Amino acid sequence: DAGVTQSPTHLIKTRGQQVTLRCSPKSGHDTVSWYQQALGQGPQFIFQYYEEEERQRGNFPDRFSGHQFPNYSSELNVNALLLGDSALYLCASSLPTNEKLFFGSGTQLSVL
Amino acid sequence: AQKVTQAQTEISVVEKEDVTLDCVYETRDTTYYLFWYKQPPSGELVFLIRRNSFDEQNEISGRYSWNFQKSTSSFNFTITASQVVDSAVYFCALRNGLTGNEKLTFGTGTRLTIIP
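Described below are features of the structure shown in this document. (Residues numbered from 1 in each chain as written. Chains lettered and ligands numbered in written order. Predicted model: local features only at pLDDT ≥ 70, side-chain atom pairs only at ≥ 80, totals over all residues. Heavy atoms only, no water.)

### Side note on unusual backbone geometry
Thought 1: For the bond running from A:Ser7 to A:Pro8, omega is -10 degrees, close enough to zero to count as cis.
Thought 2: Mapping A:Pro8 onto the fold places it in the loop between strand S1 (5–7) and strand S2 (10–13).
Thought 3: With a phi close to 45 degrees, A:Ala80 is a non-glycine residue in the positive phi region.
Thought 4: With respect to the secondary-structure elements, A:Ala80 resides in the loop between strand S8 (74–78) and strand S9 (87–94).
Thought 5: The backbone of B:Ser73 sits at a positive phi, close to 50 degrees, despite the residue not being glycine.
Thought 6: If you trace the backbone, B:Ser73 turns up in the loop between strand S8 (64–69) and strand S9 (74–79). (Helix = DSSP H or I, 4+ residues; strand = E, 2+ residues; numbered from the N terminus.)

### Concerning the nonpolar core
All names here are of chain B.
Thought 1: Ranked by size, the top nonpolar core spans 23 residues in total, and within it Trp36, Phe75, Phe77 and Tyr90 carry the most contacts.
Thought 2: Contributing elements (two or more residues each) for this core: strand S2 (10–14), strand S3 (19–21), strand S5 (32–39), S8, S9, strand S10 (88–96) and strand S12 (110–115).
Thought 3: For this core, the element with the most residues is S10, which contributes four residues.
Thought 4: Discounting chain neighbours no more than four positions away, the residues touching phenylalanine 77 are Val19, Thr20, Leu21, Trp36, Leu48, Tyr64, Ser65, Trp66 and Tyr90. (Core = buried A, V, L, I, M, F, W, Y, C linked by side-chain atoms within 4.5 Å. Buried < 20%, exposed > 50% of the residue type's maximum accessible area, 1.4 Å probe, protein only. Contact = heavy atoms within 4.5 Å.)

### Here's the deal with the packing of aromatic side chains
Thought 1: The full count for this structure, using the stated rule, is 20 aromatic pairs over all chains.
Thought 2: Each member of the aromatic cluster is reached from another via a ring pair, and the members are A:Tyr35, A:Phe45, A:Phe103, B:Phe35, B:Tyr37, B:Phe47, B:Phe91 and B:Phe106.
Thought 3: When the ring centre of A:Phe102 is taken as origin, the NZ or CZ atom of A:Lys26, which lies over that ring, is 5.1 Å away.
Thought 4: The cationic tip of A:Arg55 hangs over the ring face of A:Tyr50; the distance from NZ or CZ to the ring centre is 4.8 Å. (Phe/Tyr/Trp six-rings, centres within 6.5 Å; stacked < 30°, edge-to-face > 60°. Lys NZ or Arg CZ within 6 Å of the ring centre and 35° of its normal.)

### Observations regarding the side chain of B:Ser53
Residues and elements named next belong to chain B.
Thought 1: Tracing the chain through its elements places serine 53 in the loop between strand S6 (46–52) and strand S7 (59–61).
Thought 2: By relative accessible area, serine 53 is classed as buried at 1%.
Thought 3: Residues contacting serine 53, with those up to four places away along its chain left out, are Thr30, Thr31, Tyr32, Phe68 and Lys70.

### Details of the interface of chain B and chain A
Thought 1: Opposite the 20 residues of chain B that make contact, chain A presents 19 residues.
Thought 2: Taking both sides of the interface into account, the surface hidden between chain B and chain A amounts to around 1700 Å²; carbon and sulfur atoms contribute 53%.
Thought 3: Taken as a group, B:Leu45, B:Glu102 and B:Lys103 account for 29% of the area that chain B buries against chain A, more than any other trio of residues on that side.
Thought 4: The tally of links from chain B across to chain A stands at zero salt bridges.
Thought 5: Where chain B packs against chain A, one counts four residue pairs in polar contact (both at pLDDT 80 or more).
Thought 6: For the side of chain B that touches chain A, the secondary-structure elements that each account for two or more residues are S5, S6, S10 and strand S11 (104–106) of chain B.
Thought 7: The leading source of residues in the side of chain B that touches chain A is S5(B), at four residues.
Thought 8: Classifying every residue of the side of chain B that touches chain A gives eight nonpolar, seven polar and five charged. (Buried area = accessible area lost by both parts, 1.4 Å probe. Salt bridge = Lys/Arg side-chain N within 4 Å of Asp/Glu carboxyl O. Polar contact = N/O pair within 3.5 Å; in protein donor to acceptor, adjacent residues only side chain to side chain. Nonpolar A, V, L, I, M, F, W, Y, C, P; charged D, E, K, R; others polar.)

Below, the structure written as structure tokens:
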């Protein structure tokens, strides 16, 4: 049973570019959440997708957008990258009524 | 607003010693959930425990135990007879109890190093 998988593992971009990160949830899970973890900090909630809709959003600018596909996989898009967007981006999946989140290993994004 | 404070940034103990990780939270909600997650060097967050605000019973799971005290808004985590494999960053997190509000608020984490 595969857990949460994220791709790519590492990514290097330059300021102003756009990036797309991908997440496949754990089998049977239909809810996907995205978190940003800056170095030395705890994860910060970006948004959550359920039934292909953004259900909840944290305090992130509109440069951060997402999508969920019919197979429940999800993408996180970040436009106009800033140096401060450098972080580990974590995807988590769950069932809609289950508080237990399963996390992937993350995508390490470096913005130069 | 919700807030989780983990005042201990880093802790180092010698193997087999007991260690307690502190967590203090702030919330105005009457129903909420508290969590502990472990983050090994590989990066993924591993779920350890969930406790709801109506259940103040302490819990023990093997070498792990948790002490939840609403009176002091604390949810502390103790590892007994620590092992090198316990070395990781540990996060305490808080979530509102309303259905559909899935956002977890994390603390800044405590880096635990077990010295062999």
